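Fold and geometry: a report
Chain by chain, the residues run as shown.
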Amino acid sequence: MEFSFLFIAPKLFIIYAVLCGLLTIPLQMLEVSIGYIRGTIFDFGIFGLMYENTHWVNLILLGVVNFVVFYFVFRFAIGKFDIKTPGRESEMADSTLLNNKEYDKVAEMVIQGLGGKDNIKRVENCVSRLRIDLQDQKKINMDILKESGSLGTFIPSNNHVHVVFGPHVEFVRKRGGRPSCGCQIS
């Protein structure tokens, strides 16, 4: 969840980071002393419930308070500062092609939106987005990428672009054919 904030709503992530910092102060005041490896329920069970004097009940109570604080602060900030979150974008992506599983058409549009197969050097995907290295970033056509059903496009570095398709990303990548580089397009 934390990682998704960074890409979906960077302004909201800043608020989240500040709240996380402030709301960890009560952990010391409430004498919560639970070991932490990955922050999973297993850590809570092993290092919280099985050890003495961890004050695990205080962690549960603080978690309830944190939930309420986060909810109302986020709700206020989203409304007050018009922070765009999924479903609240000014222009919603037309996901008809994705919903109809027309991945071949989506892949063609993505290739076109990225400046053609010759402009694509390398393509990978993660769980939600395509990660693409390009020859020339100036050839990107954001309108075509938006038309393809993309939920967003990010350019984290020069000649590298991320195109978000959510859970459809792997299907789009596999249908993209093989550009001149020999790698599949996503």
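Residues numbered from 1 in each chain as written. Predicted model: local features only at pLDDT ≥ 70, side-chain atom pairs only at ≥ 80, totals over all residues. Heavy atoms only, no water.

**Comments concerning the overall build of the protein chain**
The helix and strand inventory of the protein chain stands at nine helices and four strands. Secondary structure elements of the protein chain occur, N-terminal to C-terminal, as α-α-α-α-α-α-α-β-β-α-β-β-α. Taking all 186 residues of the protein chain together, the buried fraction comes to 34%. Counted over contacts in the protein chain with a minimum sequence separation of 6, partners at least 24 positions apart contribute 56%. In the structure as shown, the protein chain presents an accessible area of about 11,800 Å², 60% of it carried by carbon and sulfur atoms. (Helix = DSSP H or I, 4+ residues; strand = E, 2+ residues; numbered from the N terminus. Buried < 20%, exposed > 50% of the residue type's maximum accessible area, 1.4 Å probe, protein only. Contact = heavy atoms within 4.5 Å. Areas by Shrake-Rupley, 256 points an atom, 1.4 Å probe, with all protein chains shown as cover.)

**A word on the UniProt feature "active site" (unreviewed entry) in the protein chain**
In this structure's numbering, the residues bearing the UniProt feature "active site" (unreviewed entry) are Cys126. With respect to the helices and strands, the residue Cys126 is situated in the loop between β1 (120-125) and β2 (129-134). (UniProt positions renumbered as here; feature names shortened; annotations may be inferred.)

**Thoughts on the environment of Lys105**
Position of Lys105 relative to the elements: it lies in helix α7 (residues 103-113). Along the backbone, Lys105 and Val172 are 67 residues apart, and their C-alpha atoms lie at a distance of 8.9 Å.

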